[in-house]
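Residues per chain, in single letters:
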Amino acid sequence: KAPIFADVDAAIEQASGPHRRLLILLRFLGLRLEQARSLTWDDFDLEAKTLHVRGELGKTVSERSGRHVPISPHLVELMSGWGRRDRPVVAFPVTRVRIWQLTRRAWERPSVDPALSGEQPPHTLRTAFVSESRRPRAHWDALAHLAGHAIVRRGVYTTQHVLRNPAARSP
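Residues numbered from 1 in each chain as written. Predicted model: local features only at pLDDT ≥ 70, side-chain atom pairs only at ≥ 80, totals over all residues. Heavy atoms only, no water.

**Q** I keep staring at the pattern of salt bridges and nothing clicks. Help me out?
**A** Side chains bearing opposite charge may pair, as long as their charged atoms lie close to each other. Enumeration over the complete set of coordinates arrives at 4 salt bridges. The salt bridge involving R54 is made with E56; its shortest N-O contact spans 2.9 Å. Overall, E56 belongs to the exposed group, its relative accessible area being 60%. When salt bridges that share partners are traced, they join D43, R54 and E56 into one network. (Salt bridge = Lys/Arg side-chain N within 4 Å of Asp/Glu carboxyl O. Buried < 20%, exposed > 50% of the residue type's maximum accessible area, 1.4 Å probe, protein only.)

Pasting the structure below:
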């Protein structure tokens, strides 16, 4: 089962420090873990509310050309309070395994759906981003651009409630 934004927000509440920042970026941007960890302040234009995902952060051929994506005003507001711009956006010197451990701990919060407890990798936030963005009928092509994934249309990153609900599909 993939989380919904309420579950993700509850997990973020449990996290602290750079791990919290990382989860916030994953929740609002739909990026892969390593992409979010590699972001610099120069990648963001908070005034224009955009993010430049550099080509070298891309995994797929289409992502390697880089892309500009809009960011939500809420994320801009959160990031405005994150302090110094001469440091990485997420100063996270720990290993990928440690990030998984911290993320698993965040999912164990009582307010998170019990079906999500246990092994929920950070990549699950990518699924939540696409699924929850699809609920208000966001177009598949827009989601593919935001997530940097060419096969979003086929449901790779959508939960079953979106795939089974014909009203949630684009015409």
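**Q** Would you mind showing me how to read the pairing of strand β3 (residues 67-70) here?
**A** Here β3 shows a clear split, with R67 and V69 buried on one side and none of H68 and P70 buried on the other. In terms of strand pairing, strand β2 (residues 50-53) meets β3 through 4 bridges, oriented antiparallel. From the neighbouring strand, L51 faces β3, where its bridge partner is V69. (Helix = DSSP H or I, 4+ residues; strand = E, 2+ residues; numbered from the N terminus. Pairing = 2+ DSSP bridges.)

**Q** What's the story with the environment of A15 in this structure? I'm lost.
**A** Take A15: it is sitting in the loop between α1 (5-14) and α2 (17-29). For A15, a relative accessible area of 9% gives the class buried. Excluding residues that lie within four positions of it along the chain, A15 makes contacts with R20 and L23. (Contact = heavy atoms within 4.5 Å.)

**Q** Help me out: how do you make sense of the packing of aromatic side chains in this one?
**A** Each pair of aromatic rings is reported with the distance of its centres and the angle of its planes. Per the stated rule, a full pass over the model turns up 1 aromatic pair. Measuring from centroid to centroid gives 6.4 Å for W41 and F44, while their planes differ by 55°, and the two rings are tilted. The exposure class assigned to W41 is buried, which follows from its relative accessible area of 8%. Above the face of the F28 ring, R27 is positioned so that its terminal group lies 4.4 Å from the ring centre. (Phe/Tyr/Trp six-rings, centres within 6.5 Å; stacked < 30°, edge-to-face > 60°. Lys NZ or Arg CZ within 6 Å of the ring centre and 35° of its normal.)

**Q** I'm lost on the nonpolar core in this one. Help?
**A** Taken as a class, soluble globular proteins show a tendency for nonpolar side chains to be buried jointly. Counting 31 residues, the largest nonpolar core has L25, L29, F44, L51 and M79 as the members making the most contacts within it. Sorting the residues of this core by element identifies α1, α2, α3 (33-37), β2, α4 (73-80) and α6 (124-134) as the ones contributing at least two each. Considering every element that reaches this core, the biggest residue donor is α2, with 7 residues. Residues contacting M79, with those up to four places away along its chain left out, are L25, W41, F44, L46, R85 and V89. (Core = buried A, V, L, I, M, F, W, Y, C linked by side-chain atoms within 4.5 Å.)

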